[in-house]
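An overview of the molecular structure
Below, each chain spelled out in residue letters.
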2 protein chains.
Amino acid sequence: MRQQDLIRAALKGEATLVIKNANVVNVFTEEIIHADVAICEDTVIGVGEYSCENEIDAGGAFLTPGFIDAHVHIESSMVTPPSFMKVIMPHGTTTIIADPHEIANVAGTAGVRAMYKYTDALPLRVLFMMPSCVPATPFEHSGATLFAEDMEPFLRKSRILGLGEVMDYVSTIGGAQQMLDKLRLFDGKPIDGHAPLLSGRELNAYRIAGPSTDHECSNFEEVKEKLRTGMRVLIRIGSAAKGIDEILRRVAEENLPTENIMFCTDDKHIETINREGHINCNARLAVACGIPPVKAVKMASYNAARAYGLKGVGAIAPGYKADMVLFEDLKEFKVKKVITRFGRVYDPNEEFPKPILAPEVYDSVNLPLITADSLRLAAKETMPVIEMVPEQLITKRAERKVKLDEGGAFIPADGLLKLAVIERHHATGNIGLGIVDGLNIKNGAIASTVAHDSHNLVVAGDNDRDMLLAIEALRESGGGFAVASGGIVLVRLPLPIAGLMTDAPVEEVLQQQRALLDAAKSLGADERTDPLIALSFLALPVIPEIRLTDEGLFDVTKMEFIPY
Amino acid sequence: MRQQDLIRAALKGEATLVIKNANVVNVFTEEIIHADVAICEDTVIGVGEYSCENEIDAGGAFLTPGFIDAHVHIESSMVTPPSFMKVIMPHGTTTIIADPHEIANVAGTAGVRAMYKYTDALPLRVLFMMPSCVPATPFEHSGATLFAEDMEPFLRKSRILGLGEVMDYVSTIGGAQQMLDKLRLFDGKPIDGHAPLLSGRELNAYRIAGPSTDHECSNFEEVKEKLRTGMRVLIRIGSAAKGIDEILRRVAEENLPTENIMFCTDDKHIETINREGHINCNARLAVACGIPPVKAVKMASYNAARAYGLKGVGAIAPGYKADMVLFEDLKEFKVKKVITRFGRVYDPNEEFPKPILAPEVYDSVNLPLITADSLRLAAKETMPVIEMVPEQLITKRAERKVKLDEGGAFIPADGLLKLAVIERHHATGNIGLGIVDGLNIKNGAIASTVAHDSHNLVVAGDNDRDMLLAIEALRESGGGFAVASGGIVLVRLPLPIAGLMTDAPVEEVLQQQRALLDAAKSLGADERTDPLIALSFLALPVIPEIRLTDEGLFDVTKMEFIPY
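Nothing here was measured: the structure is a model prediction, and the numbers come from that model.

Calculation rules
- Residues numbered from 1 in each chain as written.
- Chains lettered and ligands numbered in written order.
- Predicted model: local features only at pLDDT ≥ 70, side-chain atom pairs only at ≥ 80, totals over all residues.
- Heavy atoms only, no water.
- Least-squares fit on C-alpha atoms with pLDDT ≥ 70 in both.
- Contact = heavy atoms within 4.5 Å.
- Helix = DSSP H or I, 4+ residues; strand = E, 2+ residues; numbered from the N terminus.
- Buried < 20%, exposed > 50% of the residue type's maximum accessible area, 1.4 Å probe, protein only.
- Salt bridge = Lys/Arg side-chain N within 4 Å of Asp/Glu carboxyl O.
- Pairing = 2+ DSSP bridges.
- Phe/Tyr/Trp six-rings, centres within 6.5 Å; stacked < 30°, edge-to-face > 60°.
- Axes fitted to C-alpha atoms, helices over the stretch in contact; angles between N-to-C directions.
- Core = buried A, V, L, I, M, F, W, Y, C linked by side-chain atoms within 4.5 Å.
- Buried area = accessible area lost by both parts, 1.4 Å probe.
- Polar contact = N/O pair within 3.5 Å; in protein donor to acceptor, adjacent residues only side chain to side chain.
- Nonpolar A, V, L, I, M, F, W, Y, C, P; charged D, E, K, R; others polar.
- Parallel < 35°, antiparallel > 145°, perpendicular 65-115°, else oblique.
- Left-handed = near helix turned anticlockwise from the far one by under 90°.

1. Topic: the relation of the copies chain B and chain A
- Each copy of the sequence occupies a distinct position, and chain B is placed on chain A by a rotation of 180° and an axial shift of 0.0 Å, giving an RMSD of 0.1 Å. Taken together, the turn and the small shift mark the pair as related by a two-fold rotation axis. No C-alpha of chain B lies nearer the rotation axis than that of E259(B), which sits 4.2 Å from it.
- Of the residues that chain B buries at the interface, 100% are likewise interface residues in chain A, meaning the two copies contact each other through the same surface.

And the structure:
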């Protein structure tokens, strides 16, 4: 619509949609105003008394700006953006700031472009942060490496807001040139931080280097210290949200200004979203912890829009985009209706064409011939072992006596499984082999191409035949998850897009996930820890204490490989 | 300083200046924290415990971010930026957002460039808004016309923040193409509004067109309505500040969020600044009206920095620029010390070289030969007259019997003076002639090249000889003010830079101003209204009810020229 026409429409009160009789939350004055809201195409043109042919009677429900997830990895949902939208939008989230970190680790800039294409025309507003740490560490081989020069063309894309979470704080405060180049490229734009428990002068140095947000705070004192440095704090409720209620309670009790606090999910299972909600879940908890409802709404909308420089988003006022949510109340935040960024009521049945993506996004599982010999782990009598900790992602390093065959190779036994991390992007043949305790698989193997952050193929099992079978199943499906037992692939969840996502409908994916879990459990996997998630994190060399990458067994505490 | 070195300095706590023992105002958490502040060159590297060779003991005084004047016309001070800085900086203002509207009306983009040059290396941080309305109205001839295409090169200048006050709301909500072109050019950047009493759908349309701030609010309801639309409201204390205390009291009483409220002076006489202070005067009034002191500090600093997108300004935190103020208290806001943007204590004795400016900035008074005949006002027995209102800038339109000579020309008598507005930029010979009542000059004339907004030469007197003398005095001095009587130029304040400013020291200018006033009063000028200011505004065809431009007598209410 031409600017002139919009100005004229506002002047004349000529709306294409009027929401009548709403309790409108004004984030600027923190008032709740009983009024009509006039929309012309995709823009609010006034709050007051309006009418037109196309009206929605709010019946006194609360109208808020559409909610914003300030930091999320869509790929972690295992579904593509249109499906992900269908999961979150009914909960009132109309804008997400996505960090395509996972797909970038597989397919580099082609992966980022794929996510961009997928989200171009969605009613959900999808904005991006450019992944800053690809690969996440120098101790593994990912599918791509992103240097500042690779990112430069993305600066000109309107939906790329800034630089994604800077996890590598060591390079950052150490002043490593490659990291500083990226930070300088995004100077003046939002730069997401990722600095759990960083404090004092280290935090000061990290701030000066550029990162201006953090979503890793695990206690109130950490929140306060980071706010003091001018960081924006993203309160995360992902699949886990330990300690978040305590943080919010203290924010309320100490009457801390909330203008630099906002919400995110980071990674949240679809099942959990379906059950608990999305950003409205954060708002609900905030109110339950004593934050005034209008402040909670601001944390869920305006504060994030302002922090990330989103023009015309996050408020209900003339000139602002029309995405809004009608809530039954500002306590449970139960959604009555969602108005999209196009100024229309959200329609869950609308379908979107699949975009044409670069071949490397589909053909991401590139493996050489893998044989039993490839999986042979030459061992000594006593070996370093990855000991899993129930219900947690951390692991412990243990030394254990192991069973060997005549040739001196490790034989899984007594709960010790063989673990392999196979470079799966460029068929280099790099294979890291190790031993894991705690997965408890018997007579079978589980495998995944979702393996943070490099997303190599990770497979664990108690026999080579099932392990090889699971590997071949994933080669065939272009990635995903597989459980094999007794020479049969029991269940498979194909994730053909970068080995991370599928275009399949959400319900189908959830069903397959349940089937995978059931199969893993039938092989003896511990019920307390989701074995598929546990497997996904066994290759991430940043979480203590011991991990396996395609380069070998890695001691995270000492930051060095373990020779054996 | 290289980024690497700064990061390292923060990590090691290696400061070049430490302010010890201060009560540091943290604008993010709204705490006052007793601590040291470490600065490395021009940047804060930490708040905590620090020491270095170069220390200032704050003795428990309050350390705040440097104050920000969010909207000011430097030219109105009649002194050039270095002198203006010397007036305001001792009051704790370390950043100003200047709108070089006056000099642009005289010298166009060369005028804007002159202000830019003057402020490049000052310890005062000077940022600019590009004047949007040059000329201010179509009813007069200014020195230049600025179209969007003229402004385009300025977008790339780092200190040009956005578009200056959009006074022409009629063109704006009318969707006039030339105005929309300018607004589109600055889309996404700050655009200052100027919309006294604009309300309802007109205000909505104005907002949608682009302007996002307003500094013209004269009552609390206006403030609230503008805030509701997402406008930032600048609370102005200029030379006059009627009703501002009432606004601030209501803001405090109704506990209105202040995050989108900030401070400005717009136009404030040097004498008043010397007496009352600058932005610290706004802060003082805010606290006196019940705003919590830390919120007042935020209004004076952080809120403006955020609204105008100033990175690294407006807070005391690692990575922020070092400009800060030590105040004795947060009530009277009496300044103890000012730290400049260079991280050094402000030195009032530092001198700055005058920049080399474009010739048109100096040679701005271009007049053809002006004779008694040029000033001949052919009149009828009854004539429309500009009637001044004591102590106000508005005027009334009156019809009065006048004295005529034999040839039918107006002769000043009975308190009616002759008024002339002479186009002084391009020697076009355009002269508007009229009659003014209320200046009360006897046996003399006063003249000025400061005449908002086109800054033509305006002269009033009761005889042609003194009028011509005053005109010639200004031609000679390249502009300024002059008072002539009995064939002698009594006093002259030369303003050779664009006819608006002088490089002369502030004290000299103040002295000359007083001498001008004394001279005007000796000729009988009304003591209640500063005759020089009154004269300056007689040519501004936007203030009701009747004005004189170089094109003739103008009825502001009817927006038309008055034929006679």
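Right, picking up where we left off after that structure.
2. Looking at unusual backbone geometry
- Note the cis peptide between V134(A) and P135(A), where omega equals 0°.
- Residue placement: P135(A) occurs in the loop between β8 (125-130) and α4 (148-151).
- The amide bond that connects H452(B) to the next residue, D453(B), takes the cis arrangement and shows omega of -10°.
- With respect to the helices and strands, D453(B) occurs in the loop between β22 (444-448) and β23 (457-461).
- Within the chain, L197(B) stands out as a residue other than glycine whose phi angle is a positive 65°.
- The residue L197(B) is located in the loop between β10 (191-193) and α7 (200-209) in this model.
- L197(B) sits in the exposed class, given a relative accessible area of 59%.
- With phi around 65°, A498(B) is a residue other than glycine that occupies positive phi space.
- Note on placement: A498(B) falls in the loop between β25 (488-494) and α16 (506-522).
- The class for A498(B) is buried, based on a relative accessible area of 0%.

3. Here we look at the pattern of salt bridges
- For the structure on display, the rule yields 68 salt bridges over all chains.
- Between E276(B) and K268(B) there is a salt bridge, and its shortest N-O distance comes to 3.5 Å.
- Measuring nitrogen to oxygen at the nearest pair gives 3.9 Å for the salt bridge that ties R284(B) to E332(B). With a gap of 48 residues between them, R284(B) in helix α11 (residues 279-288) and E332(B) in the loop between β14 (324-327) and β15 (335-339) connect regions that are remote in the sequence.
- The class of R284(B) is partly exposed, set by a relative accessible area of 24%.
- Overall, the relative accessible area of 42% leaves E332(B) in the partly exposed class.
- Linked through salt bridges whose partners overlap, the residues forming this network are E30(A), E259(A), K295(A), K298(A), R306(A), E30(B), E259(B), K295(B), K298(B) and R306(B).

4. Describing the pairing of β25(B)
Residues and elements named next belong to chain B.
- Alignment of strand β24 (residues 480-485) against β25, held across 6 bridges, turns out to be antiparallel. Bridge pairing in β25 places V483 opposite V491.
- Counted between consecutive antiparallel strands, the loop separating β24 from β25 contains 2 residues, among which G486 sits at a positive phi close to 55°.

5. Some thoughts on the packing of aromatic side chains
- One pass over the full model with this rule turns up 18 aromatic pairs over all chains.
- Seen from their ring centres, F327(A) and F333(A) are 5.3 Å apart, and the 85° between their planes marks the pair as edge-to-face.
- Where F67(B) meets F327(B), the ring centres are 5.0 Å apart and the plane angle is 40°; that geometry is what we call tilted. Of the two residues, F67(B) sits in strand β6 (residues 67-72) while F327(B) sits in strand β14, which places them 260 residues apart along the sequence. Assigned by exposure class, F67(B) and F327(B) land together as buried.

6. Focus on the sheet that holds strand β20 (residues 416-422) of chain A
Residue and element names in this part refer to chain A.
- Taken together, 8 strands build an open sheet; the order of strands is β17-β16-β21-β20-β23-β22-β24-β25 and the sheet is mixed. Among the strands making up the open sheet, the edge pair consists of β17 (395-401) and β25 (488-494). The average angle at which neighbouring strand axes cross in this sheet is 25°, direction not considered.
- Of the pairings in the sheet, the one linking strand β16 (residues 382-388) to β17 comprises 7 bridges and is antiparallel in character. From the neighbouring strand, I386 faces β17, where its bridge partner is R397.
- This element, helix α15 (residues 464-477), spans β20, β22 (444-448), β23 (457-461), β24 (480-485) and β25 of the sheet and lies at about 150° to β24.
- The strands touched by helix α16 (residues 506-522) are β24 and β25; relative to β25, the strand with the most contacts, the crossing angle is about 145°.

7. Focus on the nonpolar core
- Counting residues in hydrophobic clusters, the biggest one holds 139 residues, and the most contacted among them are I96(A), M130(A), L419(A), L439(A) and I45(B).
- Sorting elements by how many residues they give to this core places helix α3 (residues 101-118) of chain A first, with 10 residues.
- Beyond its immediate chain neighbours, meaning those up to four positions away, L419(A) contacts I386(A), G432(A), L433(A), G434(A), V436(A), V458(A), V459(A), A460(A), L535(A), L538(A) and L548(A).
- The next biggest cluster of nonpolar side chains, apart from the first, holds 137 residues, and it includes F67(B), A283(B), F327(B) and A525(B).

8. A word on the sheet that holds β24(B)
Residues and elements named next belong to chain B.
- Pairing is mixed across the open sheet formed by 8 strands, whose spatial order is β17-β16-β21-β20-β23-β22-β24-β25. Of all the strands in the sheet, just β17 (395-401) and β25 have a single pairing partner and so form its edges. Geometrically, the sheet is characterised by an average inter-axis angle of 25° between neighbouring strands, direction not taken into account.
- Together, β20 (416-422), β22, β23, β24 and β25 form the strand contacts of helix α15 (residues 464-477), whose direction differs from that of β24 by roughly 150°.

9. Overview of the interface of chain B and chain A
- Contacts between the two partners involve 51 residues from chain B, matched on the other side by 51 residues from chain A.
- For the pair chain B and chain A, the two sides together bury roughly 4200 Å², of which 54% comes from carbon and sulfur.
- The largest share of the area that chain B buries against chain A comes from R201(B), I208(B) and R228(B), three residues that together contribute 17% of it.
- Where chain B touches chain A, the interface holds 8 salt bridges.
- Our enumeration of links across chain B and chain A arrives at 28 residue pairs in polar contact (both at pLDDT 80 or more).
- For the side of chain B that touches chain A, the secondary-structure elements that each account for two or more residues are α1 (3-12), β2 (31-40), β3 (43-48), α5 (169-174), α6 (177-185), α7, α8 (220-228) and α13 (302-307) of chain B.
- In terms of residue class, the side of chain B that touches chain A is made up of 22 nonpolar, 15 polar and 14 charged.

10. So, the packing of helix α11 (residues 279-288) of chain A against helix α12 (residues 293-300) of chain A
Residue and element names in this part refer to chain A.
- For the pair α11 and α12, the least separation of the axes is 9 Å and the interaxial angle reads 150°. In terms of axis orientation, α11 runs roughly antiparallel to α12. The handedness of the crossing between α11 and α12 is right-handed. For the pair α11 and α12, contact is made by I279, A283, A286 and V287 and by P293, A296 and A300, respectively.
- Split into classes, the residues belonging to the contact of α11 with α12 amount to 7 nonpolar, no polar and no charged.

11. With respect to the pairing of β23(A)
All names here are of chain A.
- Buried residues dominate β23, accounting for 5 of its 5 residues.
- Residues L457, V459 and G461 of β23 are buried on one face, and the alternating residues V458 and A460, pointing to the opposite face, are buried as well.
- Inspection of the sheet shows β20 paired to β23 by 5 bridges, in the antiparallel sense. Counterpart to V421 in the pairing with β23 is V458.

12. Digging into the side chain of Q4(B)
- Here Q4(B) is to be found in helix α1.
- Contact partners of Q4(B), with chain neighbours within four places excluded, come to G175(A), Q177(A) and L180(A).

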